Amino acid sequence: MNIYKTLWKVIGGRPWTYIMRDVWHKYEGLCIIALMAVGALLGHWLWPHLLWLFLTFTCGYIAGHLFWGKEYIPNQKGDE
């Protein structure tokens, strides 16, 4: 039983990473502005806390890997 697959079939109808890739390719400029704003806010609020800086870096690292790997296919469906 794959909980993630069960969830994305109900919410969105396909893997969420594919949905996020579509949003990125359709609204790249807005996504970059939003990521920079979130990064600036997190950096401003969390600067004194080294652990939080590592957490922020890790989240960015994971988010970056959502867009690397397989070739982008618009409206890509999940494997059945």
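Caption draft 1: Up close: the confidence of the model for the protein. Looking at the protein, the pLDDT average stands at 83 and 92% of residues meet or exceed 70. Confidence, read as mean pLDDT per element, is least for helix α4 (residues 50-65) in the protein (80) and greatest for helix α2 (residues 16-26) (90).

Caption draft 2: Representation of the packing of aromatic side chains in the model. Taken as a whole and assessed by the stated rule, the structure comprises 2 aromatic pairs. Taking 5.3 Å as the distance between ring centres and 85° as the angle between the ring planes, the aromatic pair formed by Tyr 4 and Trp 16 counts as edge-to-face. Taken together, the residues Tyr 4 in helix α1 (residues 3-10) and Trp 16 in helix α2 connect sequence positions 12 residues apart. Looking at Trp 16, the relative accessible area reads 30%, which means it is partly exposed. With a centroid separation of 6.2 Å and an interplanar angle of 25°, the aromatic rings of Phe 57 and Tyr 61 are classed as stacked. With Phe 57 and Tyr 61 both in helix α4 and 4 residues apart, this pair spans about one turn of that helix.

Caption draft 3: Expanded view of the side chain of Asp 22. Its place among the elements puts Asp 22 in helix α2. Not counting residues up to four positions away in its chain, the partners in contact with Asp 22 are Arg 14, Tyr 72, Ile 73, Pro 74 and Asn 75.

Caption draft 4: Fine view of unusual backbone geometry. Here Asn 75, not a glycine, exhibits a phi torsion of approximately 55°, which is positive. Here Asn 75 lies in the segment after α4.

Definitions and limits used
Numbers given for residues are sequential positions, taken from 1 along each chain in its written order. Side-chain atom pairs in this predicted model are given and counted only at pLDDT of 80 or more, local residue features only at pLDDT of at least 70, and totals for whole chains, interfaces and linings cover all residues. Excluded from the side-chain calculations are hydrogens and water; all other atoms, namely the structure's heavy atoms, are used. pLDDT gives the predictor's per-residue confidence on a scale running from 0 to 100. Numbered from the N terminus, helices here are DSSP runs of H or I no shorter than four residues, and strands are runs of E no shorter than two. Planes of paired rings set the category: under 30 degrees apart is stacked, over 60 is edge-to-face and the rest tilted, where pairs are Phe, Tyr or Trp rings (Trp by its six-membered ring) whose centres lie within 6.5 Å. The classification of residues rests on relative accessible area computed with a 1.4 Å probe and restricted to protein chains. Under 20% of the type maximum is buried, over 50% is exposed, and intermediate values are partly exposed. In this analysis, two residues are considered to be in contact whenever any of their non-hydrogen atoms come within 4.5 Å of each other.

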